[in-house]
Amino acid sequence: DAGITQSPRYKITETGRQVTLMCHQTWSHSYMFWYRQDLGHGLRLIYYSAAADITDKGEVPDGYVVSRSKTENFPLTLESATRSQTSVYFCASSVSYEQYFGPGTRLTVT
Amino acid sequence: GENVEQHPSTLSVQEGDSAVIKCTYSDSASNYFPWYKQELGKRPQLIIDIRSNVGEKKDQRIAVTLNKTAKHFSLHITETQPEDSAVYFCAALPGGGNKLTFGTGTQLKVEL
């Protein structure tokens, strides 16, 4: 599990600011995912990537942007943060169906 | 798309008792069903999974059963211990896809 890391672990930002959450994996897994976790909603998929330079929307993509120039990195950007984006964000990577999660980033938008 | 429903949302058992969590899915083409355990403040961790060509799988005190006809699968934990207290999530993977759809979670509390 040390193979997938996220930074920062905690972030407080103001409404309207741009924020980038980082995700890095050392396994060379092809697939990577971003989820947000909110009470009552479980884990909801924001974006995912099948390989470098291939990304696609998940269930709740509005307000988020992703890129994947290298296999090991999958950053998530909130272009103009809103209070509704206060959440815990998990990155995950996948091999042969099995998904492994990073430690999460707790983001608070004030 | 796939829809996964999970019940109950909370479950309290006495130490040593068994716990059962049930999930139903909508896409008959789904072929992979993992279960994750998430302790407070931690990441979800894969604890067991089952594929559609298998009806049951066991790993020590935990087991998962799958009924493809009824489109439901269940997590069974026997001889529960306090360290089993956590939120458990089920998920389903539609056939040909790579995006898991998660249930909303079950808060399991094992009381002494």
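Residues numbered from 1 in each chain as written. Chains lettered and ligands numbered in written order. Predicted model: local features only at pLDDT ≥ 70, side-chain atom pairs only at ≥ 80, totals over all residues. Heavy atoms only, no water.

(A) Quick look at the pattern of salt bridges. Residue and element names in this part refer to chain B. In total, this model carries 6 salt bridges over all chains according to the counting rule given. Salt-bridge contacts for Lys37 lead to Glu39; the nearest nitrogen and oxygen are separated by 3.6 Å. A residue is classified by how much of its surface remains accessible, and Lys37, at 17% relative accessible area, is buried. (Salt bridge = Lys/Arg side-chain N within 4 Å of Asp/Glu carboxyl O. Buried < 20%, exposed > 50% of the residue type's maximum accessible area, 1.4 Å probe, protein only.)

(B) Main features of the environment of Ile48(B). Residue and element names in this part refer to chain B. Structurally, Ile48 can be placed in strand β5 (residues 45-51). Taking the C-alpha atoms as reference points, Ile48 and Ile62, separated by 14 residues in sequence, lie 7.9 Å from one another. Contact partners of Ile48, with chain neighbours within four places excluded, come to Phe33, Pro34, Trp35, Lys57, Lys58, Asp59, Ile62, Ala63, Val64 and Leu75. (Helix = DSSP H or I, 4+ residues; strand = E, 2+ residues; numbered from the N terminus. Contact = heavy atoms within 4.5 Å.)

(C) Molecular detail of the pairing of strand β11 (residues 105-109) of chain A. Residue and element names in this part refer to chain A. Where burial is concerned, the two faces of β11 differ: the one with Thr105, Leu107 and Val109 is buried and the one with Arg106 and Thr108 is not. Pairing of strand β2 (residues 10-13) with β11, which is carried by 4 bridges, proceeds in the parallel orientation. Within the sheet, the bridge partner assigned to Ile12 lies in β11 and is Thr108. Summarising the sheet, strand β9 (residues 87-95) and β11 pair through 3 bridges and their orientation is antiparallel. Bridge assignment links Ser87 to a residue of β11, and that residue is Leu107. (Pairing = 2+ DSSP bridges.)

(D) Expanded view of the sheet that holds strand β8 (residues 72-77) of chain B. All names here are of chain B. Strand order in the open sheet formed by 5 strands is β1-β3-β8-β7-β6, and the pairing between neighbours is antiparallel. Taken across any chain shown, the strands that pair with only one partner, and hence form the sheet edges, are β1 (4-7) and β6 (56-59). Neighbouring strand axes in the sheet, compared pairwise and without regard to direction, differ in orientation by 15° on average. Sheet topology places strand β7 (residues 62-67) next to β8; 6 bridges connect them, and they run antiparallel. Of the residues in β8, the one forming a bridge with Thr65 is Ser74. (Axes fitted to C-alpha atoms, helices over the stretch in contact; angles between N-to-C directions.)

(E) Structural view of the state of the cysteines. According to the stated counting rule, one finds 2 disulfides over all chains in the structure shown. Between the sulfur atoms of Cys23(A) and its disulfide partner Cys91(A) the distance amounts to 1.8 Å. Looking down the S-S bond of the Cys23(A) and Cys91(A) bridge, the torsion is -70°, so its handedness is left-handed. With Cys23(A) in strand β3 (residues 19-25) and Cys91(A) in strand β9, the pair connects residues that are 68 residues apart, well separated along the chain. Covalent S-S linkage joins Cys23(B) and Cys90(B), the inter-sulfur distance amounting to 1.9 Å. Taking the sign of the torsion about the S-S bond as the criterion, the disulfide between Cys23(B) and Cys90(B), at about -100°, is left-handed. With a gap of 67 residues between them, Cys23(B) in strand β3 (residues 19-25) and Cys90(B) in strand β9 (residues 86-92) connect regions that are remote in the sequence. Given a relative accessible area of 0%, Cys90(B) falls into the buried group. (Disulfide = S-S within 2.5 Å.)

(F) Summary view of the sheet that holds β3(A). All names here are of chain A. Spatially, the 4 strands line up as an open sheet ordered β1-β3-β8-β7, and their pairing is antiparallel. Sheet topology places β1 (4-7) and β7 (64-66) at the edges, where each strand pairs with a single neighbour. Sheet twist, expressed as the average angle between the axes of neighbouring strands with direction ignored, equals 20°. Summarising the sheet, β3 and strand β8 (residues 76-78) pair through 3 bridges and their orientation is antiparallel. Residue Leu21 lies in a different strand from β8, and its bridge partner there is Leu76.

(G) Here's a closer look at the interface of chain B and chain A. At the interface, 19 residues of chain B touch 22 residues of chain A. For the pairing of chain B and chain A, the buried interface totals around 1,700 Å² over both sides, and the portion due to carbon and sulfur atoms is 56%. Its largest share of buried area at the contact with chain A, chain B owes to Arg43(B), Asn98(B) and Lys99(B), together 34% of the area lost on that side. At the junction of chain B with chain A, the criterion picks out 0 salt bridges. At the junction of chain B with chain A, the criterion picks out 5 residue pairs in polar contact (both at pLDDT 80 or more). Where the side of chain B that touches chain A is concerned, the elements lending two or more residues are β4 (32-38) and β5 of chain B. At 4 residues, the largest contribution of residues to the side of chain B that touches chain A is made by β5(B). A breakdown of the residues in the side of chain B that touches chain A according to their chemical character gives 8 nonpolar, 6 polar and 5 charged. (Buried area = accessible area lost by both parts, 1.4 Å probe. Polar contact = N/O pair within 3.5 Å; in protein donor to acceptor, adjacent residues only side chain to side chain. Nonpolar A, V, L, I, M, F, W, Y, C, P; charged D, E, K, R; others polar.)

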